[in-house]
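Listed here are the chains, written in short residue letters.
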Amino acid sequence: MTRPVPRAGVMQIDAYTPGKSAAAKVLNGARVYKLSANETPLGPSPRAVEALRELAPHIADYPEGSSRLLREAIGARYGLDPARIVAGAGSDQILELLALAYVGPGDEGVYSQYGFLEYRIVILAAGGTPKIAPETNYTANVDALLEQVNDNTKIIFLANPNNPTGTYLPTKEIARLANTLPPHVLLVLDAAYAEYVRAEDYEAGAALVAARENVVMTRTFSKIYGLAGLRLGWGYGPRHVIETLDRIRSPFNVSSAASVAGVAALEDRAHIDAAVAHNAKWLPWLSQSIAALGLEVLPSVGNFLAIRFPDQDGSRAADADKYLTERGLIPRAIGAYGMPQFLRLTVGPREANERVVDALKDFMRGPR
Ligand SMILES: *Cc1c(COP(=O)(O)O)cnc(C)c1O
């Protein structure tokens with residue numbers, strides 16, 4: 001060997017490609033909208049911004065290492081025991097810590113066919129082997145997930161609702177999965193979009209966590225709370241899992257800025273209600289308007305839509321990606337998920353949504 005070589009598995013990872021950002025804020029006199037990363041169109045809570053301002057003179061101090069105030073605020077807001085919460089630099093960090101703690105060489109980690117790609121990355125990075133369960137109609141399938149489970153399985157990652165498809169599994173199916181799993185397998189329910197979901201048969205997973213020794217729920221401040229740039233997320237789990245993660249997380253894994261902004265954002269219920277109401281109005285509007293153009297739209301309960309462009313090789317979706325981007329509306333190509341015929345589109349502010357539908361109408365009318 002002529003130079004250092006990473007552990008087995010690491011070189012199998014394709015680095016995560018984030019949604020494109022805007023090169024410019026304005027294009028041909030029109031505002032550019034980034035609709036590629038499921039960020040909130042409402043921005044952060046003004047209270048979070050104010051909390052950051054108040055913190056600014058104190059950033060020479062280390063944060064409090066256990067994120068106690070934040071965990072207490074989360075506990076109060078969601079009715080959970082703060083001692084069973086761990087905070088992280090984004091929920092991505094919680095996913096990473098879970099894989100690092102529970103998966104090693106020879107172990108397997110399961111996720112579903114169109115599941116969030118971060119799961120593959122953290123399983124491989126931990127030295128484990130990813131196992132993929134086929135989906136039905138772009139929706140996770142509990143029986144298929146269970147079929148992948150064997151003595152070597154250590155963890156199952158399931159985003160509910162899932163990104164990039166937007167589909168979800170009802171409480172009953174999640175309970176069936178948890179109740180059928182052998183006790184040595186940790187079920188991770190990634191509920192990054194839970195606040196947006198209005199379906200009555202949906203739960204984020206807290207009740208299952210409370211009742212079982214092998215279920216963890218992860219949540220984020222990056223989506224409806226509008227704090228993606230600060231990197232803040234959390235996990236709720238059995239005491240033994242939280243204690244395990246506390247052993248391996250770095251001592252100051254959550255910045256003081258993220259913590260104070262998180263607490264303030266949790267307190268601003270009106271801001272969250274406004275974000276839910278905005279999404280409840282525009283998600284169905286976008287979905288119906290785009291379907292009316294003859295495009296297939298997957299049924300989404302998140303703040304984004306997966307839109308299918310009709311051809312086999314994905315060239316039509318690539319054309320649409322270019323067409324929208326040239327008009328200052330930036331979607332997300334999801335070929336990396338094995339969905340090259342689709343684009344994912346975040347619900348934006350009113351103007352962005354209306355321009356997307358107009359642009360897609362023109363695109364569909366245009367020459368093939
Ligand atoms: C956006 C997203 C996350 C959140 O990631 P953060 O690290 O908290 O920003 C987690 N899971 C899924 C499925 C997501 O789409």
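All of these numbers come straight from a predicted model, not from anything done at the bench. (Residues numbered from 1 in each chain as written. Predicted model: local features only at pLDDT ≥ 70, side-chain atom pairs only at ≥ 80, totals over all residues. Heavy atoms only, no water.)

Turning next to the overall build of the chain. If you tally the helices and strands in the chain, you get 12 helices and 15 strands. Once the C-alpha set of the chain is aligned to its principal axes, its extents read approximately 60 × 55 × 50 Å. A total of 368 residues make up the chain; the buried ones form 54% of that total. Taking the intrachain contacts of the chain between residues at least 6 apart in sequence as the baseline, contacts between residues at least 24 apart amount to 74%. About 16500 Å² of surface is accessible on the chain, with carbon and sulfur atoms providing 53% of the total. Both charge centroids of the chain, one from 38 positive and one from 39 negative side chains, sit 3 Å from each other. (Helix = DSSP H or I, 4+ residues; strand = E, 2+ residues; numbered from the N terminus. Buried < 20%, exposed > 50% of the residue type's maximum accessible area, 1.4 Å probe, protein only. Contact = heavy atoms within 4.5 Å. Areas by Shrake-Rupley, 256 points an atom, 1.4 Å probe, with all protein chains shown as cover. Lys, Arg positive; Asp, Glu negative; His and termini not counted. Charge placed at Lys NZ, Arg CZ, Asp CG, Glu CD.)

So, on to the site of the ligand. The ligand sits among 13 residues. The nearest are Asp 190, Thr 220, Ser 222, Lys 223 and Arg 231. The side chain of Tyr 193 places a nitrogen or oxygen atom 2.6 Å from an oxygen atom of the ligand. Summarising the interface, the protein chains cover 94% of the accessible area of the ligand, which totals 390 Å² for the free molecule. When atom positions are compared with the pocket grids, the ligand is found to occupy the largest pocket. (Near = heavy atom within 4 Å. Polar contact = N/O pair within 3.5 Å; in protein donor to acceptor, adjacent residues only side chain to side chain. 1 Å grid on protein atoms, 1.4 Å probe; cavity = no way out; pocket = protein on both sides within 12 Å on 5 of 7 lines; lining within 4 Å. Sits in = over half its atoms within 2 Å of the grid points.)

Under the defined criterion, the tally for this structure stands at 16 salt bridges. Measuring nitrogen to oxygen at the nearest pair gives 2.9 Å for the salt bridge that ties Lys 154 to Asp 107. You can see Lys 154 sitting in strand β7 (residues 153-159) and its partner Asp 107 sitting in the loop between α3 (91-102) and β5 (108-112), a full 47 residues away along the chain. Residue classification places Lys 154 among the partly exposed residues on the basis of a relative accessible area of 26%. (Salt bridge = Lys/Arg side-chain N within 4 Å of Asp/Glu carboxyl O.)

Domain annotation of the chain identifies domain 1 (10-44 + 270-365) and domain 2 (46-267). Relative to domain 2, the C-alpha centre of domain 1 lies at a distance of 25 Å. Across the domain 1 to domain 2 interface the summed buried area is about 2800 Å²; carbon plus sulfur atoms make up 69%. Where domain 1 touches domain 2, the interface holds 0 salt bridges. (Domains from an automatic or database assignment. Buried area = accessible area lost by both parts, 1.4 Å probe.)

Turning our attention to unusual backbone geometry. The phi angle of most residues is negative, glycine excepted, and most peptide bonds adopt the trans form. Omega for the peptide link from Asn 160 to Pro 161 comes to -5 degrees, which places this bond in the cis form. Considering the arrangement of structural elements, one finds Pro 161 in the loop between β7 and α6 (171-180). In this model, Asn 28 sits at a positive phi of 50 degrees, which is unusual for a non-glycine residue. Relative to the helices and strands, Asn 28 is located in the loop between β1 (26-27) and β2 (30-31). Positive phi values are uncommon outside glycine, yet Tyr 138 reaches one of about 60 degrees. Tracing the backbone through its elements, the reader meets Tyr 138 in the loop between β6 (129-133) and α5 (142-147). Under the relative-accessibility criterion, Tyr 138 is labelled buried at 16%.

If you walk across this open sheet you meet the 4 strands as β11-β12-β15-β14, and the pairing is antiparallel. The sheet is open, and its two edges are formed by β11 (296-297) and β14 (332-333), each paired on a single side. Pairing analysis gives 2 bridges linking β14 to strand β15 (residues 342-346), with the strands arranged antiparallel. For Arg 332, the partnering residue across the bridge sits in β15 and is Arg 344. Sheet strands touched by helix α10 (residues 269-291): β11, β12 (304-308) and β15. Its angle to β12, the strand with the most contacts, is close to 10 degrees. Seen against the sheet, helix α11 (residues 315-326) touches β14 and β15 and runs at an angle of roughly 35 degrees to β15. (Pairing = 2+ DSSP bridges. Axes fitted to C-alpha atoms, helices over the stretch in contact; angles between N-to-C directions.)

The next subject is the sheet that holds strand β8 (residues 186-190). Here we have 7 strands laid out as an open sheet, ordered β4-β10-β9-β8-β7-β5-β6, and mixed in their pairing. Where the open sheet ends on each side, the last strands, each with one partner, are β4 (85-88) and β6. Shown here is a sheet whose adjacent strand axes are inclined to one another by a mean of 20 degrees, direction ignored. Note that strand β9 (residues 215-220) and strand β10 (residues 233-236) share 4 bridges and pair antiparallel. In the sheet register, Thr 218 faces β10, and the bridge partner there is Gly 235. Contacts between helix α2 (residues 68-78) and the sheet are confined to β4, β9 and β10, with β4 contributing the most and set at about 120 degrees to the helix. Against the sheet, helix α8 (residues 239-248) engages β4, β8, β9 and β10, with an angle of about 35 degrees to β4.

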